[in-house]
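Okay, here's what each chain looks like letter by letter:
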Amino acid sequence: MFIDKVHINVCGGNGGAGCMSFRREAHVPKGGPDGGDGGRGGDVILEADASLSSLIDYQFKHHFKATRGTHGKGSRMHGADGEDLVLKVPLGTVVHEYFPETQETGELIADLTVHGERVIVAKGGHGGRGNIHFVTSTRRAPAFAELGEPAIDLWIEMEMKLMADVALVGVPSAGKSSLISRLSAAKPKIADYPFTTLVPNLGVVKGKEFDFVIADVPGLIEGAHEGKGLGHDFLRHIERTAIIAHVVDMSGGYEGRDPVEDYQMIKRELALYAPELMDRPAIVIANKCDMPGVEDNIKRLQEAVKQDSLDAVDGNPYVDSPIDPKLYVISALTGEGLSSLREAMAQKVHALRQQKAEEEASIQTYDHIWEHKREERDKKFTITPEQDGWRVSGPQIERMVITTDWDNDEAIAFLQHRFKRMGLDKALQKAGARDGDEIRIVEVAFEFEGAQSKDDIFSELDM
């Protein structure tokens with residue numbers, strides 16, 4: 001089964017809790033703190049794998065969670081880290097944040113196009129720090145530790161776009177499946193009725209010097225850019241291809257269609273779906289030329305292709321056109337013209353690969369980009385007025401509250417100090433909070449004491 005778009009929920013492992021402990025040894029009556037840290041939770045990682053061809057592994061299972069870190073112990077014994085969960089995806093998988101409530105996509109997380117390329121989509125929570133970390137010149141025996149940090153939990157959309165060098169496009173029954181079966185070892189379903197091909201097919205073409213990957217994209221109809229005939233599902237697979245190959249049925253098919261109008265219609269649909277496709281290198285293949293009475297159609301199509309080539313560069317002969325002015329006249333049935341077509345495609349693909357290699361000196365490091373964006377977003381918090389109080393929301397500040405041991409007064413005092421350092425008190429005053437207002441963060445509520453300047457501004461109200 002060919003599956004090219006899925007939505008899954010990914011969750012890292014929670015961090016283990018830090019330990020509050022003191023040395024207990026003979027002849028050491030006042031041993032210092034020795035509580036170990038909790039282990040870090042495992043990450044959920046996506047990894048591109050060239051051996052996969054679809055996202056079918058995620059069609060029926062939608063929830064994936066890494067293992068949690070274990071708790072710290074006394075004697076400075078740190079908890080073990082949780083194991084990472086690695087999910088394999090096909091090359092060409094584009095990953096976005098996904099919001100199931102609105103069914104909308106968010107930030108781009110990664111575009112995995114190289115075998116072995118990885119991105120962390122859900123980081124595990126940090127382990128809580130043991131009490132050995134909270135010793136200061138005035139706090140010699142801290143009697144508190146941090147709880148483990150909760151992991152990142154989110155939905156993502158994975159959309160696979162074929163990683164092919166050449167995409168065969170055209171109306172239904174133009175002969176694309178027959179052509180890919182003759183050029184490669186691919187064995188698509190072939191029949192004499194339209195819409196035989198319902199999913200894209202990939203094949204590897206062996207040239208004399210260079211090999212390349214060719215894709216047979218299911219037939220397109222007028223209105224495909226609006227989704228007609230599953231247009232969006234098919235058009236996405238053309239976006240990555242280096243070369244667009246228009247396959248035109250010169251016989252007009254059983255409907256007696258006009259080959260030139262078919263060619264122009266497919267061009268319009270591609271331009272309306274993604275205008276940048278008009279700048280993509282393109283060739284035009286006149287198929288079924290073994291049929292009688294096609295000579296006039298071949299001549300008309302040749303003229304249209306030459307004109308498109310000139311129009312693409314505004315008639316400037318010193319600028320290379322993305323459209324090859326040569327019309328490749330073939331018959332997928334008899335094999336006529338296939339040898340020259342194969343070598344022409346191979347040479348064009350090789351030239352484009354060299355050009356791309358020069359432009360892309362290094363692989364995109366999505367982990368760094370995505371993590372930087374997420375960290376910047378996590379630091380932000382919002383203050384919203386509610387009935388009889390205020391709601392403070394933000395990933396980082398909520399994690400600080402969750403990792404605090406609310407049965408320990410020292411841990412609460414330490415949290416108050418962290419609030420002051422991050423400027424929460426000033427932000428609340430600026431928003432309009434007054435003494436006695438209730439401040440809510442996650443499931444915890446505080447009483448605001450904004451008039452104080454040196455002392456802590458919060459006192460615990462309830463949980």
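Here goes a summary of the coordinates provided. (Residues numbered from 1 in each chain as written. Predicted model: local features only at pLDDT ≥ 70, side-chain atom pairs only at ≥ 80, totals over all residues. Heavy atoms only, no water.)

Attention shifts here to the packing of helix H7 (residues 395-402) against helix H8 (residues 409-421). Relative to each other, H7 and H8 sit at 165°, their axes nearing to 10 Å. For the element pair H7 / H8, the angle class is roughly antiparallel. For the pair H7 and H8, the sense of crossing is right-handed. Counting all contacts with H7, which are made through Ile 397, Met 400 and Val 401, the residues of H8 involved are Leu 415, Arg 418 and Phe 419. The class makeup of the residues in the contact of H7 with H8 is five nonpolar, no polar and one charged. (Axes fitted to C-alpha atoms, helices over the stretch in contact; angles between N-to-C directions. Helix = DSSP H or I, 4+ residues; strand = E, 2+ residues; numbered from the N terminus. Parallel < 35°, antiparallel > 145°, perpendicular 65-115°, else oblique. Left-handed = near helix turned anticlockwise from the far one by under 90°. Contact = heavy atoms within 4.5 Å. Nonpolar A, V, L, I, M, F, W, Y, C, P; charged D, E, K, R; others polar.)

With that out of the way, let us pick up helix H1 (residues 176-183). Counting buried residues along H1, six of its eight residues qualify, which places the element largely inside the surrounding structure. Among all positions of H1, only Lys 176, Ser 177, Leu 179, Ile 180, Ser 181 and Leu 183 are buried. (Buried < 20%, exposed > 50% of the residue type's maximum accessible area, 1.4 Å probe, protein only.)

Turning to the pairing of strand E8 (residues 153-160), a few remarks are in order. Of all eight residues in E8, six are buried, a share of seventy percent or more. As paired strands, strand E1 (residues 5-11) and E8 are joined by seven bridges and run antiparallel to one another. Of the residues in E8, the one forming a bridge with Lys 5 is Glu 159. In this sheet, E8 lies alongside strand E5 (residues 93-99) in antiparallel orientation, the contact comprising six bridges. Within E8, the residue paired with Thr 93 across the bridge is Met 160. (Pairing = 2+ DSSP bridges.)

Right, let's get into the environment of Lys 326. Structurally, Lys 326 is set in strand E14 (residues 323-329). A relative accessible area of 46% places Lys 326 in the partly exposed class. Residues Lys 326 and Val 284, 42 residues apart in the sequence, show an inter-C-alpha distance of 7.7 Å. Those residues in contact with Lys 326 that lie beyond four places of it in its chain are Val 284 and Gln 302.

For the rest of this paragraph, the subject is unusual backbone geometry. The phi angle at Ser 75 is positive, at roughly 60°, despite the residue not being glycine. By secondary structure assignment, the location of Ser 75 is in the loop between strand E3 (63-65) and strand E4 (85-90). Notably, Val 442 is not glycine yet its phi reads approximately 55°, a positive angle. Topologically, Val 442 is positioned in the loop between strand E17 (438-441) and strand E18 (444-448).

With respect to the helices, strands and loops of the structure, Leu 85 is situated in strand E4. The exposure class assigned to Leu 85 is partly exposed, which follows from its relative accessible area of 25%. Along the chain, Leu 85 and Phe 64 lie 21 residues apart, while their C-alpha atoms are 8.1 Å from each other.

Moving on, we come to the nonpolar core. Counting 35 residues, the largest nonpolar core has Leu 168, Leu 179, Ile 214, Ile 285 and Met 345 as the members making the most contacts within it. Going through the elements one at a time, strand E9 (166-169), H1, strand E11 (211-216), strand E12 (243-249), helix H3 (259-273), strand E13 (282-287) and helix H5 (338-359) are the ones with two or more residues in this core. At six residues, H5 tops the list of elements feeding residues into this core. With sequence-adjacent residues up to four places away left out, Met 345 is seen in contact with Val 166, Leu 168, Leu 183, Phe 212, Ile 214, Ile 243, Ala 245, Ile 283 and Ile 285. Counting 26 residues, the second-largest nonpolar core is a separate cluster that includes Tyr 58, Ala 122, Ile 156 and Leu 162. (Core = buried A, V, L, I, M, F, W, Y, C linked by side-chain atoms within 4.5 Å.)

Applying the stated criterion across every chain, the model contains 16 salt bridges. A salt bridge links Arg 440 to Glu 386; its shortest N-O distance comes to 2.9 Å. Taken together, the positions of Arg 440 in strand E17 and Glu 386 in strand E15 (residues 382-386) put the pair 54 residues apart, joining distant regions of the chain. For Arg 440, a relative accessible area of 15% gives the class buried. A relative accessible area of 34% means that Glu 386 is categorised as partly exposed. (Salt bridge = Lys/Arg side-chain N within 4 Å of Asp/Glu carboxyl O.)

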